Amino acid sequence: MRYFSTRGTAPVLDFRGATLAGLAADCGLYVPETWPTMSPEAIAELAGLSYAETAIRIMAPFIGDALTEDELRDLCETAYGRFSHAAVTPLVQLDHDQWLLELFHGPTLAFKDVALQLLGLFFERFLTGTDKRLTIIGATSGDTGSAAIDAVAGREGVDIFMLHPVGRVSDVQRRQMTTVLSPNVHNIAIEGDFDTAQALVKTMFATPALADTYALSAVNSINWARLMAQVVYYFYAAVRLGGPARPVAFAVPTGNFGDVFAGYVAARMGLPIARLVVATNVNDILHRALTVGDYSKGTVEQTATPSMDIQVSSNFERLLFDLGGRDGHALAAQMKGFEATGAMRLTNAQSQGAAGLFGSERVDPDDMAMAMRWACENAGQVIDPHTAIGLAAARRQQLAPGIPIVTLATAHPAKFRDAVERATGARPVLPARVGDLFEREERYVTMPATLAAVGDYVAAHAHPSR
Ligand SMILES: *Cc1c(COP(=O)(O)O)cnc(C)c1O
């Protein structure tokens, strides 16, 4: 499989190249040349397969000859063997039509483990036997950071620098990052919000003295391999609920548009998805884009769902590219306009293309808290605030009778204990595997959001690549 940049001018790469590069050299995002399709028969054959076997069937066409099937099986079994539930991503029924897909049984209790555990192994596999090194730079609003750090801590050939907005991630989230003391792990608290940290990461990638010397790579959901790994659980869940014969709807708590873009890819591959609901908190740029075509950023409001406190959703570019006829030069112009003014209109083709599959909902804090209480009282399920945004959106949908709707449960409730306790009165306990988090030593530095400060720090601590 060949990978093209959404902005049309970066080199065309294979799966290995796209995985190691992360962001494309023209600041675009890599997408596969075509969407592999699966017939209804091939989808039906997934019934009963383990999660790892399902992953192999879904991912093999995207990986092409970068890995043999046995190598891929080996990596999938290692990655998903670290999950604490045998189903990896189990379904839980809330009422007749409402379901949860629990994506938080990985080492750091967030859905990001599903993709990042595998990505860490891809990096190691693709670097072994070369004298190349990789310097991973990322910005996190919480969960990406801990999941990425867990995935690469102590791995040969890789250094990781993770930027988080100071004071804007939960204590559990911060400690899951800052208590990893491996010498290749560097945590940086940035004086600013998530978008500021993310913009700084983009600037570092566009600075050759850093990007080339240290072989910078991304693990934010701009990395294609992550999205690919997330496509798997849409198939896994739908098949268990009667797919492909019965269409299934999904409600996805959304920030960077990565998780929900994976659902779009599943639909393009042939999975019958009745509706893909983009659920946002009050930071609603995606809701406005999908309802009235207005993609314009406001200021980020802090909420109880920090992983969704985002006003620029990187992966939305991939959707606009695909729906806009895959014209890299037109998209580059559209994105340059957005970067200059902070606003853009979707084209008719983009709006109409999205309307066929996507719904969207903006969920305010009251509705979020109500969804948490509803899950508790009606189904005995304690859910985290992000999941509650998705569930509130799911419960607003009017679907044809018999269509199940699956809310992606993106974090374990214990990661957001204060918010859960405020809404439900119940204080979730941390699972045993992270029980001593508050006794561990922390290590991080705090810096202004400038290229000078952070760039110098990276240069002082990273290893040049050959
Ligand atoms: C990252 C994250 C999201 C948002 O996912 P995107 O892929 O960025 O849209 C939602 N919920 C939780 C708990 C997350 O960690």
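To keep things clear, this report deals only with the structure shown in the data block. (Residues numbered from 1 in each chain as written. Predicted model: local features only at pLDDT ≥ 70, side-chain atom pairs only at ≥ 80, totals over all residues. Heavy atoms only, no water.)

1. Re the overall build of the protein chain
The secondary structure content of the protein chain amounts to 19 helices and 15 strands. A fraction of 76% describes how many contacts in the protein chain between residues 6 or more apart in sequence connect residues 24 or more apart. As displayed, the protein chain has an accessible area near 16600 Å², and 50% of this comes from carbon and sulfur atoms. Separation of charge centres in the protein chain, based on 38 positive and 49 negative side chains, amounts to 1 Å. (Helix = DSSP H or I, 4+ residues; strand = E, 2+ residues; numbered from the N terminus. Contact = heavy atoms within 4.5 Å. Areas by Shrake-Rupley, 256 points an atom, 1.4 Å probe, with all protein chains shown as cover. Lys, Arg positive; Asp, Glu negative; His and termini not counted. Charge placed at Lys NZ, Arg CZ, Asp CG, Glu CD.)

2. Considerations on the environment of Leu 91
Locating Leu 91 in the fold gives a position in strand β3 (residues 91–93). On the basis of relative accessible area, Leu 91 is assigned to the partly exposed category, the value being 24%. Filtering out sequence-adjacent residues up to four positions away, Leu 91 remains in contact with Trp 99, Leu 100, Leu 101, Ala 237, Arg 240, Leu 241 and Val 406. (Buried < 20%, exposed > 50% of the residue type's maximum accessible area, 1.4 Å probe, protein only.)

3. Remarks on the site of the ligand
The environment of the ligand is made up of 14 residues, and the closest members are Lys 112, Asp 143, Gly 255, Asn 256 and Asp 259. The contact in question runs from an oxygen atom of the ligand to an N or O atom on the backbone of Gly 255, over 2.8 Å. Between an oxygen atom of the ligand and a main-chain N or O atom of Gly 258, the distance comes to 3.2 Å. When the ligand sits alone it has 380 Å² of accessible area, and the protein chains cover 97% of it. Taking a 2 Å distance to the grid points as the criterion, the majority of the atoms of the ligand fall inside the largest cavity. Class assignment for the residues of the shell around the ligand results in 4 nonpolar, 7 polar and 3 charged. (Near = heavy atom within 4 Å. Polar contact = N/O pair within 3.5 Å; in protein donor to acceptor, adjacent residues only side chain to side chain. 1 Å grid on protein atoms, 1.4 Å probe; cavity = no way out; pocket = protein on both sides within 12 Å on 5 of 7 lines; lining within 4 Å. Sits in = over half its atoms within 2 Å of the grid points. Nonpolar A, V, L, I, M, F, W, Y, C, P; charged D, E, K, R; others polar.)

4. A word on helix α13 (residues 316–323)
Among the 8 residues of α13, 8 are classified as buried, and the element is accordingly described as predominantly covered. Among the residues of α13, Phe 316, Glu 317, Arg 318, Leu 319, Leu 320, Phe 321, Asp 322 and Leu 323 are the ones counted as buried. Just downstream of α13 lies Gly 325, where phi reads positive at about 80°.

5. Overview of the sheet that holds strand β4 (residues 98–102)
The strand order across the open sheet built from 6 strands is β3-β4-β14-β9-β10-β13, with neighbouring strands paired in mixed fashion. Across the chains shown, the open sheet's two edge strands, defined by having one partner strand only, are β3 and β13 (358–362). The mean inter-strand angle of the sheet, taken between neighbouring strand axes irrespective of direction, is 25°. Pairing analysis gives 5 bridges linking strand β10 (residues 273–280) to β13, with the strands arranged parallel. Of the residues in β13, the one forming a bridge with Val 278 is Ser 360. Contacts from helix α12 (residues 285–292) reach β10 and β13, with the element oriented near 135° to β13. (Pairing = 2+ DSSP bridges. Axes fitted to C-alpha atoms, helices over the stretch in contact; angles between N-to-C directions.)

6. Side note on the packing of aromatic side chains
Taken as a whole, this structure holds 20 aromatic pairs when the rule is applied. Residues Tyr 80 and Phe 83 carry aromatic rings whose centres are separated by 5.6 Å and whose planes lie at 55° to one another, so their mutual orientation is tilted. Judged by relative accessible area, which is 8%, Phe 83 ranks as buried. One residue, Arg 240, lies across the ring of Tyr 236, its end atom 3.9 Å from the ring centre. (Phe/Tyr/Trp six-rings, centres within 6.5 Å; stacked < 30°, edge-to-face > 60°. Lys NZ or Arg CZ within 6 Å of the ring centre and 35° of its normal.)

7. Remarks on the pattern of salt bridges
Counted under the stated rule, the structure contains 25 salt bridges. Among the salt bridges present, the one from Arg 125 reaches Asp 74, with a minimum N-O distance of 3.7 Å. Residue Arg 125 is found in helix α5 (residues 112–127), and its partner Asp 74 is found in helix α4 (residues 69–81); the two are separated by 51 residues along the sequence. Under the relative-accessibility criterion, Asp 74 is labelled partly exposed at 41%. One network of salt bridges, in which partners are shared, links Glu 53, Glu 69, Asp 70 and Arg 73. (Salt bridge = Lys/Arg side-chain N within 4 Å of Asp/Glu carboxyl O.)

8. Quick word on the nonpolar core
Ranked by size, the top nonpolar core spans 107 residues in total, and within it Tyr 80, Phe 122 and Phe 250 carry the most contacts. Broken down by element, this core gets its largest block of residues, 14 residues, from helix α10 (residues 224–240). (Core = buried A, V, L, I, M, F, W, Y, C linked by side-chain atoms within 4.5 Å.)

9. Observations concerning the packing of helix α8 (residues 194–205) against helix α19 (residues 451–461)
Running from amino to carboxyl end, α8 crosses α19 at an angle of 60°, the nearest separation of the two axes being 11 Å. Overall, the two elements α8 and α19 adopt an arrangement that is oblique. The two elements α8 and α19 cross, and the hand of that crossing is right-handed. Each of Leu 200, Thr 203 and Met 204 in α8 lies in contact with α19, whose residues at this interface are Leu 451, Val 454 and Val 458. (Parallel < 35°, antiparallel > 145°, perpendicular 65-115°, else oblique. Left-handed = near helix turned anticlockwise from the far one by under 90°.)

10. Side note on the sheet that holds strand β8 (residues 216–217)
Pairing is parallel across the open sheet formed by 5 strands, whose spatial order is β8-β5-β6-β7-β15. Only two strands of the sheet have a single partner each, and these edge strands are β8 and β15 (445–448). Sheet topology places strand β5 (residues 134–139) next to strand β6 (residues 158–165); 6 bridges connect them, and they run parallel. Bridge assignment links Leu 134 to a residue of β6, and that residue is Val 158. Strands in contact with α8 are β5, β6, β7 (185–191) and β8; relative to β5, the strand with the most contacts, it is inclined by about 150°. Here α19 sits on the sheet in contact with β5, β6, β7 and β15, set at roughly 140° to β15.

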